[in-house]
Amino acid sequence: MKFVIVFVALFALAFAAPAAEVQLLRSESDVGPESFKYIVETSDGTKAEAEGQLKNAGSEQEAIAVHGSYSFVADDGVTYTVTYVADENGFQPQGAHLPVAPEA
């Protein structure tokens, strides 16, 4: 019985529709000792870009401050975009589809 289940599962996998292959459309980066910048775009509508800068180099408060964004096309066909800042105050995303905490 186990053989039949495994055979049926493998048969189903063999005839499943292959996933669409995603192509890289754009990829740029510039990485230095105290900063970086990148942009990536793919054929499925995904895009990501960010810039980071080392702050307070060599001190006890040394940290990387990053700002950027990413977007993707969801299964519902809608493109969702998130912009963010990530620094000594943590990751702070913003997007029209993200919930917002009530003001205190």
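The sections below set out a description of the structure shown in this document. Given the structure is predicted, the values throughout are model-derived calculations rather than measurements.

Rules used in this analysis
Residues numbered from 1 in each chain as written. Predicted model: local features only at pLDDT ≥ 70, side-chain atom pairs only at ≥ 80, totals over all residues. Heavy atoms only, no water. Helix = DSSP H or I, 4+ residues; strand = E, 2+ residues; numbered from the N terminus. Buried < 20%, exposed > 50% of the residue type's maximum accessible area, 1.4 Å probe, protein only. Contact = heavy atoms within 4.5 Å. Areas by Shrake-Rupley, 256 points an atom, 1.4 Å probe, with all protein chains shown as cover. Salt bridge = Lys/Arg side-chain N within 4 Å of Asp/Glu carboxyl O. Pairing = 2+ DSSP bridges. Axes fitted to C-alpha atoms, helices over the stretch in contact; angles between N-to-C directions. Patch = residues over 30% accessible without salt bridge, like charges linked within 9 Å, V, L, I, M, F, W, Y side chains within 5 Å. Phe/Tyr/Trp six-rings, centres within 6.5 Å; stacked < 30°, edge-to-face > 60°.

### Structural notes on the overall build of the protein
- Across its full length, the protein carries one helix and six strands.
- Along its sequence from the N terminus, the protein presents helices and strands in the succession α-β-β-β-β-β-β.
- In the protein, which comprises 104 residues, the share counted as buried stands at 12%.
- For the protein, contacts bridging at least 24 residues in sequence account for 10% of all contacts bridging at least 6.
- Counting every atom, the protein has about 8400 Å² of accessible surface; 59% of that belongs to carbon and sulfur.

### Quick word on the pattern of salt bridges
- A full pass over the atoms with the stated rule returns three salt bridges.
- Between R26 and E28 there is a salt bridge, and its shortest N-O distance comes to 2.9 Å.
- Residue K47 is joined to E49 by a salt bridge in which the shortest nitrogen-to-oxygen separation is 3.4 Å.
- Members of the salt-bridge network, linked through shared partners, are R26, E28 and E41.

### Here we look at the environment of V31
- Examined against the element boundaries, V31 turns out to sit in strand 1 (residues 24–31).
- Between the alpha carbons of V31 and G52 there is a distance of 9.4 Å; along the sequence they are 21 residues apart.

### Remarks on the sheet that holds strand 3 (residues 47–55)
- Spatially, the six strands line up as an open sheet ordered 1-2-3-4-5-6, and their pairing is antiparallel. With one partner strand each, in any of the chains shown, strand 1 and strand 6 (90–94) form the two edges of the open sheet. Averaged over all adjacent pairs, the angle separating strand axes in this sheet is 10°, with direction ignored.

### Considerations on a nonpolar patch on the surface
- Where nonpolar side chains cluster on the molecular surface, the patch consists of Y70, F72 and F91 and spans about 280 Å² of accessible area.
- Look at F72 and you get partly exposed, because its relative accessible area is 32%.

### Some words on the packing of aromatic side chains
- Scanning all chains against the criterion turns up four aromatic pairs.
- Ring-pair connections join several aromatic residues into one group, and the members of that group are Y70, Y84 and F91.

### Concerning the pairing of strand 4 (residues 63–73)
- Bridging between strand 3 and strand 4 involves nine bridges; their strand directions are antiparallel. Bridge assignment links G52 to a residue of strand 4, and that residue is V66.
- Taken together, the eight bridges between strand 4 and strand 5 (residues 79–87) define a ladder with antiparallel strand orientation. For S69, the partnering residue across the bridge sits in strand 5 and is T83.

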